[in-house]
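Chain by chain, the residues:
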Amino acid sequence: MATAIKPWLDQAGNFPITHIGGIPHFNQGVLLDAPRTGVLHTTEGGWVGGLAIFKQHFAPHFMLGFDADAQKVRIAQLVQVGTIGAALKAHNNQAIVQIEMIGFSKEKPWLPDDDTVAALASLMAVCATEYGIPLDHPWPDGDFGKAGSNPHRSSGKYGKVAGWYGHGDCPSPDTHWDPGNLEWSVVLGKAKQMTNDLGAPHSALAGPLAMATAPGSTTRSKKKSRG
Ligand SMILES: [Zn+2]
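Residues numbered from 1 in each chain as written. Predicted model: local features only at pLDDT ≥ 70, side-chain atom pairs only at ≥ 80, totals over all residues.

Some details on the overall build of the protein
Scanning the protein from terminus to terminus reveals five helices and nine strands. Secondary structure elements of the protein occur, N-terminal to C-terminal, as β-β-β-α-β-β-β-β-α-β-β-α-α-α. When the 227 residues of the protein are sorted by exposure, 40% land in the buried category. (Helix = DSSP H or I, 4+ residues; strand = E, 2+ residues; numbered from the N terminus. Buried ≥ 20, exposed ≤ 12 C-beta atoms within 10 Å, placed from the backbone.)

Side note on the environment of Thr-18
Within the secondary structure layout, Thr-18 lies in strand E2 (residues 15–19). Here the alpha-carbon distance between Thr-18 and Trp-8, two residues ten residues apart in the chain, equals 9.8 Å. Setting aside its immediate chain neighbours within four residues, Thr-18 contacts Arg-74 and Ala-76. (Contact = placed C-beta atoms within 7 Å.)

Topic: helix H2 (residues 114–131)
Its 18 residues give H2 an end-to-end C-alpha distance of 25 Å, which sits within 8% of 26 Å, the value for a rise of 1.5 Å per residue. Turning to H2, its buried residues number three or more, namely Ala-118, Ala-119, Leu-120, Ala-121, Ser-122, Leu-123, Met-124, Ala-125, Val-126, Cys-127, Ala-128 and Tyr-131. (Expected span 1.5 Å × (residues − 1).)

Notes on the packing of H2 against helix H3 (residues 184–198)
Remark: H2 packs on H3, axes separated minimally by 8 Å, with the N-to-C direction vectors making an angle of 55°. By the angle between their directions, the pair H2 and H3 is classed as oblique. As H2 packs across H3, the resulting crossing turns out to be right-handed. Between H2, through Val-117, Leu-120, Ala-121, Ser-122, Met-124, Ala-125, Ala-128 and Thr-129, and H3, the contact on the second element is made entirely by Val-187, Leu-188, Lys-190, Ala-191, Met-194, Thr-195 and Leu-198. (Axes fitted to C-alpha atoms, helices over the stretch in contact; angles between N-to-C directions. Parallel < 35°, antiparallel > 145°, perpendicular 65-115°, else oblique. Left-handed = near helix turned anticlockwise from the far one by under 90°.)

Some details on the environment of Val-126
For Val-126, the location among the structural elements is in helix H2. Setting aside residues up to four positions removed in sequence, Val-126 forms contacts with Leu-9 and Ala-12.

Examining unusual backbone geometry
Residue Pro-173 follows Ser-172 across a cis peptide bond; omega there is 15°. Its location among the elements puts Pro-173 in the loop between strand E8 (163–166) and strand E9 (180–182). The residue after Asp-178, namely Pro-179, is reached through a cis peptide bond having omega 0°. As for its position among the elements, Pro-179 is in the loop between E8 and E9. Of note in this structure, His-91 is not a glycine but carries a positive phi near 65°. The topology assignment puts His-91 in the loop between strand E5 (72–77) and strand E6 (97–101). His-91 sits in the partly exposed class, given 19 other C-beta atoms within 10 Å.

With respect to the environment of Asp-33
Counting through the fold element by element, Asp-33 comes out in the loop between E2 and strand E3 (37–42). The class for Asp-33 is exposed, based on 7 C-beta atoms found within 10 Å. A C-alpha to C-alpha distance of 9.1 Å links Asp-33 and Gln-94, two positions 61 residues apart in sequence.

Side note on the nonpolar core
Of all hydrophobic cores here, the largest spans 52 residues; its most connected members are Leu-64, Val-97, Leu-123, Met-124 and Ala-191. Breaking this core down by element, the ones donating at least two residues are E3, helix H1 (47–54), strand E4 (62–67), E5, E6, H2, E8 and H3. Excluding residues that lie within four positions of it along the chain, Ala-191 makes contacts with Ala-121, Met-124, Ala-125, Ala-128 and Leu-135. (Core = buried A, V, L, I, M, F, W, Y, C linked by C-beta atoms within 7 Å.)

What to know about the sheet that holds E3
An order of E1-E2-E5-E4-E6-E3-E8 is seen for the seven strands of this open sheet, with the pairing classed as mixed. Here the strands that pair on one side only, and so sit at the sheet edges, are strand E1 (11–12) and E8. Here two bridges tie E1 to E2, and the two strands are oriented antiparallel to one another. Paired with Gln-11 across the strands is Pro-16, a residue of E2. (Pairing = 2+ DSSP bridges.)

Comments concerning the pairing of E4
Regular strands have side chains that alternate between both faces of the sheet. Among the six residues in E4, five count as buried, and that is most of the element. Inspection of the sheet shows E4 paired to E5 by six bridges, in the antiparallel sense. Within E5, the position partnered with Gly-65 by the bridge is Arg-74. Relative to E6, E4 runs parallel, the two being bridged by three bridges. Among the inter-strand pairings, Leu-64 is bridged to a residue of E6, identified as Met-101.

These results come straight from atomic positions and should not be treated as a statement about function.
Here it is, written out as structure tokens:
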């Protein structure tokens, strides 16, 4: 991946991404040669309360979910990608994207409301095409990392196996278990469907070979200014 990391995203599927400034963050880069990894959290509170905390510390790259003031599900970006998010206690530099989703961890299998699922899947789909985070979760549904020390934290997968992790899957000294027993396969399945609809991942469309083999490349190349 020689190309530069796109620091800010503007759109994920049907969801525009608002940029929220004035967020304290660390000017430390993520490890770009680490297996591409995303971490999902739940805020355990509402939009306003979550944002108030992130304006002081622990900010992730993205926050998404129901905003009671706006009366809708939305996505905001707080920290630029390429710089570490701070929603983990440690190992933040091995997660290129961290997302805080409005919601509450549950021990029973759960999904957020449909709009939040759509927003999360849309953002994961963009993160797959833009940052190469595979739409995989290293454990089957129902096998989730619990509070405190658990087999997921000591599995050695985080930092070695690319994909999407929950906070409860991330190694010690982290102890939080969010998002709990999330039905990952549903969210990731929707995200995969979205990337299929979008076409091949960005990485497969980079470079002169892809230009030469892309259908209609001779007629469309001059219009291709979106990047
Ligand atoms: Zn968390």
